[in-house]
Amino acid sequence: MSFERPTTARAASEARYQQAVRELTALEARLADEHVPRRPEWDCRSCGPDTSWPCSPAQVRLVEQYRRDRIGLSMHVGALYFVASAECLDEDPSHLYERIVGWIREP
């Protein structure tokens, strides 16, 4: 049996998407299944359909989980943005980016 590396952009994109989905699963475990995104809408499962994810409690919990690892937090929410951008096709990508990633910028 031989191992074939993904050579096309589509295969690479699919591999990246699958990695990001694993990040999402890790997020749910990290946050004890509270204040996690309801997909594919990407609103908060705990706060309700009118609250976009990440809600304030999710942001606080993510910062607590990553403590001083700002790079790790950035990579994590970047992976989540990748999944959200594939699922929220009706939402403006720049708005989605600001919502999911933009909140971690330092003031």
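Here's a quick rundown of the structure. (Residues numbered from 1 in each chain as written. Predicted model: local features only at pLDDT ≥ 70, side-chain atom pairs only at ≥ 80, totals over all residues. Heavy atoms only, no water.)

**Observations regarding the overall build of the protein chain**
Consideration 1: Check the secondary structure of the protein chain and you find 4 helices and 3 strands.
Consideration 2: Counting helices and strands in the order they occur from the N terminus, the protein chain gives α-β-β-β-α-α-α.
Consideration 3: In the protein chain, buried positions account for 33% of the 107 residues.
Consideration 4: Surface exposure of the protein chain reaches about 7100 Å², of which carbon and sulfur atoms provide 52%. (Helix = DSSP H or I, 4+ residues; strand = E, 2+ residues; numbered from the N terminus. Buried < 20%, exposed > 50% of the residue type's maximum accessible area, 1.4 Å probe, protein only. Areas by Shrake-Rupley, 256 points an atom, 1.4 Å probe, with all protein chains shown as cover.)

**Examining the environment of Cys55**
Consideration 1: When you line up the elements, Cys55 lands in the loop between strand 3 (48–52) and helix 2 (56–66).
Consideration 2: With a relative accessible area of 4%, Cys55 lands in the buried category.
Consideration 3: As for Cys55 and Ile100, which are separated by 45 residues in sequence, their C-alpha atoms are 9.6 Å apart.
Consideration 4: With residues near it in sequence (within four places) discarded, Cys55 still touches His35, Cys44 and Cys47. (Contact = heavy atoms within 4.5 Å.)

**Some points on the pairing of strand 3**
Consideration 1: In terms of strand pairing, strand 2 (residues 43–44) meets strand 3 through 2 bridges, oriented antiparallel. By the bridge assignment, Asp43 is partnered in strand 3 with Ser52. (Pairing = 2+ DSSP bridges.)

**With respect to the packing of helix 3 (residues 70–87) against helix 4 (residues 93–100)**
Any two packed helices are characterised by the angle at which their axes cross and by the distance between the axes.
Consideration 1: The N-to-C vectors of helix 3 and helix 4 enclose an angle of 145°; their axes lie 10 Å apart at closest approach. Handedness of the crossing formed by helix 3 with helix 4: right-handed. Residue-level contacts link Val77, Leu80, Tyr81, Ala84 and Ser85 of helix 3 to Pro93, Leu96, Tyr97 and Ile100 of helix 4.
Consideration 2: A per-class count over the contact of helix 3 with helix 4 returns 8 nonpolar, 1 polar and no charged. (Axes fitted to C-alpha atoms, helices over the stretch in contact; angles between N-to-C directions. Left-handed = near helix turned anticlockwise from the far one by under 90°. Nonpolar A, V, L, I, M, F, W, Y, C, P; charged D, E, K, R; others polar.)

**A short note on the pattern of salt bridges**
Consideration 1: Under the counting rule described, the total for this entry stands at 6 salt bridges.
Consideration 2: In this structure, Arg38 and Asp43 form a salt bridge, with 2.7 Å as the shortest nitrogen-oxygen distance.
Consideration 3: Glu98 is the partner of Arg105 in a salt bridge, and the nearest nitrogen-oxygen pair spans 2.6 Å.
Consideration 4: Residue classification places Glu98 among the partly exposed positions, given a relative accessible area of 37%.
Consideration 5: Put simply, Arg38, Glu41 and Asp43 are held in one network by salt bridges that share partners. (Salt bridge = Lys/Arg side-chain N within 4 Å of Asp/Glu carboxyl O.)

**Overview of the packing of aromatic side chains**
Consideration 1: All told, the structure shown has 2 aromatic pairs when counted by the stated rule.
Consideration 2: Ring geometry for Trp42 and Trp53: centres 5.9 Å apart, planes at 65°, overall edge-to-face. Here the residue Trp42 occupies a position in the loop between strand 1 (37–38) and strand 2, and Trp53 occupies one in the loop between strand 3 and helix 2, the gap between them amounting to 11 residues. For the pair Trp42 and Trp53, a shared accessibility class is recorded, and that class is buried. (Phe/Tyr/Trp six-rings, centres within 6.5 Å; stacked < 30°, edge-to-face > 60°.)

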